[in-house]
Amino acid sequence: MAVTSPRQSDAMPERTSTILLVEDERALREALADALTSEGFVVKQADTGAAGLAAFRAAPPDLILLDLMLPEMGGIEVCRSIRSSSRVPIIMVTAKASETDRISGLDLGADDYVTKPFSSRELVARIRAVLRRAAAGESPAAVGSRLRIAEAEIDLEGQRILRSGSVVHVKPKAFQLLAFLIQNAGRVYSREQLLDRVWGYDYAGETRTVDVHMHALRQAIEAVPAQPTALQTVRNIGYVLRRSA
């Protein structure tokens, strides 16, 4: 099915955000498109993963609403493909509600996760929150696209960690965590704050996922991971990135 754009409302904000809605259930897709259009968004639609990926490549949107269960190419695969070249905000939309499913999508680089059924009001609130974070987004250019942290060179634009000239592979969400801490160097964040600012959703379970990603980052960039000089723990509070002068 070709990608289509539904009608736009008469009253549009000065800065209109374009949303790519990738959803195979026609009734839900059209209802969401109408609801989002009435809120002032421009909405483009795709009903398969392949069509969504093609639409993204043809004209990158401001945000992607991506269903997890899609024909031809699943949402996880689409997310992985997009994250290999872009940091466009992605909200996963799915009927799956398990913690494992949420973490799988978020670890691939999704910015938020909405479980069906949900209200259009909740979805719009989440979209606006993600877009605000992206706009505040602490662009990598603000600190330079390449910089030295501990024993590694961080390529923010290329989303890579290099050590002794070789790429050190970490999960996309771990890199997003590192980029956020770099952009806010010297500021201490609790685990709950990091989940909200980096993962972008209200995490109801334990906060161990932050610790797991921090451990991976220390392994990637610190000379002695057990005695970090950059990614430091602030006891009883959380984490901070300290850059040497």
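For clarity, every value in this text was computed on a predicted model and none was experimentally measured.

1. Considering the sheet that holds strand 5 (residues 112-115)
For step 1, the next point in the chain: As summarised here, the arrangement of the five strands in space is 2-1-3-4-5, forming an open sheet in which the pairing is parallel. What marks the edges here is a single partner per strand, and that holds for strand 2 (42-46) and strand 5. Direction aside, the axes of adjacent strands within the sheet are offset by 20° on average.
For step 2, the next point in the chain: In this sheet, strand 2 lies alongside strand 1 (residues 18-22) in parallel orientation, the contact comprising five bridges.

2. Quick notes on the side chain of Ser-17
For step 1, the next point in the chain: Its place among the elements puts Ser-17 in the segment before strand 1.
For step 2, the next point in the chain: Apart from residues no more than four positions distant in its own chain, Ser-17 is found in contact with Phe-41, Val-42, Asp-62 and Leu-131.

3. A few points about the packing of helix 6 (residues 172-183) against helix 7 (residues 191-199)
Pairs of packed helices are described in terms of their axes, by the angle between the two and the distance that separates them.
For step 1, the next point in the chain: The N-to-C vectors of helix 6 and helix 7 enclose an angle of 105°; their axes lie 10 Å apart at closest approach. By the criterion of interaxial angle, the relationship of helix 6 to helix 7 is roughly perpendicular. Side by side, helix 6 and helix 7 meet where Lys-173, Gln-176, Leu-177, Phe-180 and Leu-181 of the first sit next to Leu-194, Arg-197, Val-198 and Trp-199 of the second.
For step 2, the next point in the chain: Its residues placed into classes, the contact of helix 6 with helix 7 shows six nonpolar, one polar and two charged.

4. Looking at the pattern of salt bridges
For step 1, the next point in the chain: One pass over the structure, following the stated rule, counts 10 salt bridges.
For step 2, the next point in the chain: One salt bridge in this structure joins Glu-39 and Arg-128, with 3.0 Å as the shortest N-O distance. Of the two residues, Glu-39 is situated in the loop between helix 1 (26-38) and strand 2 and Arg-128 in helix 5 (residues 120-136); the sequence distance between them amounts to 89 residues.
For step 3, the next point in the chain: Exposure remark for Arg-128: the relative accessible area of 35% places this residue in the partly exposed category.
For step 4, the next point in the chain: When the shortest N-O distance is used, the salt bridge between Asp-67 and Lys-116 registers 3.6 Å. Taken together, the residues Asp-67 in strand 3 (residues 63-67) and Lys-116 in the loop between strand 5 and helix 5 connect sequence positions 49 residues apart. For the pair shown, Asp-67 and Lys-116 are each scored as buried.

5. Regarding unusual backbone geometry
For step 1, the next point in the chain: The omega torsion of the bond from Lys-116 to Pro-117 falls at -5°, within 30 degrees of zero and hence cis.
For step 2, the next point in the chain: One non-glycine residue with positive phi stands out, namely Ala-150, at about 55°.
For step 3, the next point in the chain: Relative to the elements of secondary structure, Ala-150 occurs in the loop between strand 6 (146-149) and strand 7 (152-155).
For step 4, the next point in the chain: You can call Ala-150 partly exposed: its relative accessible area is 28%.
For step 5, the next point in the chain: For Ser-164, which is not glycine, the phi torsion reads 55° and is therefore positive.
For step 6, the next point in the chain: Exposure remark for Ser-164: the relative accessible area of 75% places this residue in the exposed category.

6. Focus on the nonpolar core
For step 1, the next point in the chain: Membership of the largest hydrophobic core comes to 28 residues, with the highest contact counts inside it found for Ile-154, Ile-161 and Leu-181.
For step 2, the next point in the chain: Broken down by secondary-structure element, the contributors of at least two residues to this core are strand 6, strand 7, helix 6, helix 7, helix 8 (208-221) and strand 12 (238-241).
For step 3, the next point in the chain: The biggest single contributor to this core is helix 6, with eight residues.
For step 4, the next point in the chain: Ile-161 has contacts with Ala-152, Glu-153, Ile-154, Ser-166, Val-167, Val-168, Val-170, Phe-175, Leu-178, Leu-217, Ala-220 and Ile-221, leaving out every residue within four places of it along the chain.
For step 5, the next point in the chain: Formed by 21 residues, the second largest nonpolar core is a distinct cluster that contains Val-22, Ala-55, Phe-56 and Ile-64.

7. Quick look at the side chain of Asp-111
For step 1, the next point in the chain: Looking at the element boundaries, Asp-111 is found in the loop between helix 4 (99-107) and strand 5.
For step 2, the next point in the chain: For Asp-111, a relative accessible area of 15% corresponds to the buried category.
For step 3, the next point in the chain: A distance of 3.0 Å separates polar atoms of two side chains, one belonging to Asp-111 and the other to Arg-83.

8. Regarding the packing of aromatic side chains
For step 1, the next point in the chain: One pass over the structure, following the stated rule, counts one aromatic pair.
For step 2, the next point in the chain: Aromatic pair Phe-180 and Tyr-189: ring centres 4.9 Å apart, planes at 65°, arrangement edge-to-face. Take Phe-180 and Tyr-189: they sit in the same class, and that class is buried.

Parameters at a glance
Residues numbered from 1 in each chain as written. Predicted model: local features only at pLDDT ≥ 70, side-chain atom pairs only at ≥ 80, totals over all residues. Heavy atoms only, no water. Pairing = 2+ DSSP bridges. Helix = DSSP H or I, 4+ residues; strand = E, 2+ residues; numbered from the N terminus. Axes fitted to C-alpha atoms, helices over the stretch in contact; angles between N-to-C directions. Contact = heavy atoms within 4.5 Å. Parallel < 35°, antiparallel > 145°, perpendicular 65-115°, else oblique. Nonpolar A, V, L, I, M, F, W, Y, C, P; charged D, E, K, R; others polar. Salt bridge = Lys/Arg side-chain N within 4 Å of Asp/Glu carboxyl O. Buried < 20%, exposed > 50% of the residue type's maximum accessible area, 1.4 Å probe, protein only. Core = buried A, V, L, I, M, F, W, Y, C linked by side-chain atoms within 4.5 Å. Polar contact = N/O pair within 3.5 Å; in protein donor to acceptor, adjacent residues only side chain to side chain. Phe/Tyr/Trp six-rings, centres within 6.5 Å; stacked < 30°, edge-to-face > 60°.

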